[in-house]
Amino acid sequence: MSGICEDRVVVVTGAGRGLGRAHALAFAAEGARLVVNDLGVSLDGGTPGPESPGTPGTPDTPGTPGAPAARVVAEIRAAGGTAVAHHGDIATPEGAASLVTTALDTYGRLDTLVNNAGFLRDRMLVNLDEDDWDAVLRVHLKGHFLPLRHAAAHWRAETKAGRPPTARIVNTGSGAGLLGSVGQAGYSAAKAGIVALTLVAAAELARYGVQVNAIAPAARTRMTERAFATAMAAPATGFDAMAPENVSPLVVWLGSAASDGVTGRVFEAEGGRITVMEGWRPGPTADKGARRSPAEAGETVLKLLARAEPPGAVYGA
């Protein structure tokens, strides 16, 4: 195997199935050496969890040969690639630290981190329990922050030691974090936070040779195959636009040295489409130069809104 990631060491979280699995296999096909992380949980984060309907294999008991991470490692090795499994909880300091040390102890370096792990606990706001809110923010937002923090600390130390890296981080956002999604308040909030984290990390880590970008993918995974069954269904013939493998080429390129100079960006990826997302920018504005009354403020806002671009529709609205 050889390609644009030849000999790069790549860590992918949540890589046992869906998008993460597709990313890991695509990196391996381009010559990367992988750390495949997956805790082996159910769709709502329970441990251990059953397979999703229609998916062959054994129950997801972490650390067993049938666990998702181990199966992906076996796939990579069978194709001639190099990979090891990591079953730690990356939303804990210990798990995130061991994720980085697994790469360093196994391969002696770390070049790319792909933050992908997550699960869903969808509820309408009036039915959303605090525990479900906390769990979703923990796995998505904290599960991005902690691996990023530990990887960044390693790369900062390398830079200070005179070994500046060509490092890459690819975070996983969502259209739900850009526009919102009915029934997914926690998920949408977490994904919006990931976008902001990406922008801050890109600005702070550039001095250490680290580029940080995010994707907002649309693909068929456990999190979408039932909620959007019709839209996610594979066609009988022709191009399968919702196959997770369609998203991975962008992730591999962003995780490679070939993406030099691309950082602090968010990309939507779906089927054969890649879109550069343009975030909050100043729109129509009015400055009176003095304090307004509430009525004046309201009148000004209505005039500005009449000139402004309408917001994108919230998913599910």
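Residues numbered from 1 in each chain as written. Predicted model: local features only at pLDDT ≥ 70, side-chain atom pairs only at ≥ 80, totals over all residues. Heavy atoms only, no water.

Enquirer: Break down the overall build of the protein for me, with residues and values.
Expert: Along its length, the protein carries nine helices and eight strands. Scored against the burial criterion, the 317 residues of the protein give a buried share of 45%. Restricting to contacts in the protein with at least 6 residues of sequence separation, those with at least 24 account for 68%. (Helix = DSSP H or I, 4+ residues; strand = E, 2+ residues; numbered from the N terminus. Buried < 20%, exposed > 50% of the residue type's maximum accessible area, 1.4 Å probe, protein only. Contact = heavy atoms within 4.5 Å.)

Enquirer: Now, about the pattern of salt bridges: what can you tell me, with residues and values included?
Expert: All told, the structure shown has 11 salt bridges when counted by the stated rule. We note a salt bridge from D89 to R138, for which the minimum N-O separation is 2.6 Å. Taken together, the residues span a long stretch of sequence, with D89 in the loop between β3 (82–86) and α3 (93–107) and R138 in helix α4 (residues 130–160) at a distance of 49 residues. Through salt bridges with shared partners, a single ionic network connects R21, E75 and E245. (Salt bridge = Lys/Arg side-chain N within 4 Å of Asp/Glu carboxyl O.)

Enquirer: Pulling in residues and values, what's your account of the packing of α4 against helix α6 (residues 185–205)?
Expert: In helix packing, the relevant descriptors are the interaxial angle and the interaxial distance, both defined with respect to the helix axes. Taken N-terminus to C-terminus, the directions of α4 and α6 make an angle of 15°; their axes are 8 Å apart at the nearest point. Here α4 is positioned roughly parallel relative to α6, judged by the angle of their axes. Where α4 crosses over α6, the two elements pack in a sense that is right-handed. Across from W133, V136, L137, H140, L141, H144, F145, L148 and A152 in α4, the residues of α6 making contact are A185, G186, Y187, A189, A190, K191, G193, I194, L197, A201 and L205. (Axes fitted to C-alpha atoms, helices over the stretch in contact; angles between N-to-C directions. Parallel < 35°, antiparallel > 145°, perpendicular 65-115°, else oblique. Left-handed = near helix turned anticlockwise from the far one by under 90°.)

Enquirer: Could you give an account of the sheet that holds strand β5 (residues 167–172), naming the residues involved and the relevant values?
Expert: Ordered by their spatial adjacency, eight strands build an open sheet running β3-β2-β1-β4-β5-β6-β7-β8, and the pairing between neighbours is mixed. At either margin of the open sheet sits one strand with a lone partner, and together these are β3 and β8 (273–276). The average undirected angle you get between the axes of adjacent strands in this sheet is 20°. Across five bridges, strand β2 (residues 33–37) lies against β3 in parallel orientation. Directly across from L34, in β3, lies its bridge partner A83. (Pairing = 2+ DSSP bridges.)

Enquirer: Would you mind going over the confidence of the model for the protein in detail, with residue names and values included?
Expert: On average, residues of the protein score 89 in pLDDT, and 87% of them reach the 70 mark or higher. Residue range residues 49–60 is modelled with pLDDT below 50. Its contacts to residues more than four positions away, or to other chains, number 27 contacts. (pLDDT = per-residue confidence, 0-100.)

Enquirer: Now, about the packing of α3 against α4: what can you tell me, with residues and values included?
Expert: Their axes nearest at 8 Å, the elements α3 and α4 cross at an angle of 45°. By the angle between their directions, the pair α3 and α4 is classed as oblique. For the element pair α3 and α4, the recorded crossing hand is right-handed. Residues P93, A96, A97, L99, V100 and L104 of α3 touch α4, and the partners they reach there are L146, P147, H150, A151 and H154. Taken together, the residues of the contact of α3 with α4 break down into nine nonpolar, two polar and no charged. (Nonpolar A, V, L, I, M, F, W, Y, C, P; charged D, E, K, R; others polar.)

Enquirer: Before we move on, could you go through the environment of A32 and cite the residues and values that matter?
Expert: Note on placement: A32 falls in the loop between α1 (18–29) and β2. Remark: the alpha-carbon pair of A32 and I4, spanning 28 residues in sequence, is separated by 8.6 Å.

Enquirer: Quick rundown of a negative patch on the surface? Include the residues and the values.
Expert: On the surface, D129, E130, D131 and D134 cluster together into a negatively charged patch. If you trace the backbone, D131 turns up in helix α4. Residue D131 is classed as exposed on the basis of its relative accessible area of 59%. (Patch = residues over 30% accessible without salt bridge, like charges linked within 9 Å, V, L, I, M, F, W, Y side chains within 5 Å. Areas by Shrake-Rupley, 256 points an atom, 1.4 Å probe, with all protein chains shown as cover. Lys, Arg positive; Asp, Glu negative; His and termini not counted. Charge placed at Lys NZ, Arg CZ, Asp CG, Glu CD.)

Enquirer: How would you explain the side chain of R168 if you had to name every residue and give the values?
Expert: If you trace the backbone, R168 turns up in strand β5. Buried charged residue R168 carries no salt bridge. Nearest counter-charge: D260, at 4.4 Å. A distance of 2.9 Å separates a polar side-chain atom of R168 from the backbone oxygen of S256. (Polar contact = N/O pair within 3.5 Å; in protein donor to acceptor, adjacent residues only side chain to side chain.)

Enquirer: Give a description of the environment of S259 that names residues and reports values.
Expert: Within the secondary structure, S259 is located in the loop between α8 (248–254) and β7 (266–270). Among the residues examined, S259 registers a relative accessible area of 0% and is labelled buried. Put simply, S259 and Q211 are 48 residues apart on the chain and 8.8 Å apart in space, counted from C-alpha to C-alpha. Sequence-distant contacts of S259, defined by excluding residues within four places in its chain, comprise R168, Q211, W253 and L254. At a separation of 3.0 Å, a polar atom in the side chain of S259 contacts the side chain of R168.

Enquirer: I'd like a rundown of the pairing of β2, residues and numbers included.
Expert: Within β2, four of the five residues are buried, leaving the element largely enclosed by the surrounding structure. In the classification by handedness, the crossover that spans strand β1 (residues 9–12), the intervening α1 and the parallel β2 is right-handed. (Right-handed = clockwise from strand over helix to strand, strands pointing away.)

Enquirer: With reference to specific residues and values, describe α4.
Expert: Taking 1.5 Å per residue, 31 residues should reach 45 Å; α4 reaches 42 Å between its end C-alpha atoms and fits that length. Considering bend angle alone, the principal kink of α4 is centred on K142 and spans about 35°. G162, located one to two residues past α4, shows a positive phi value of around 85°. (Expected span 1.5 Å × (residues − 1). Bend = angle between axes of the 7 residues up to and from the residue.)

Enquirer: Got a sec to walk through the side chain of T102? Specific residues and values, please.
Expert: Examined against the element boundaries, T102 turns out to sit in helix α3. Here T102 falls in the buried class, since its relative accessible area comes to 17%. Every residue in contact with T102, bar those within four places of it in the chain, is listed here: V35, V84 and H86.

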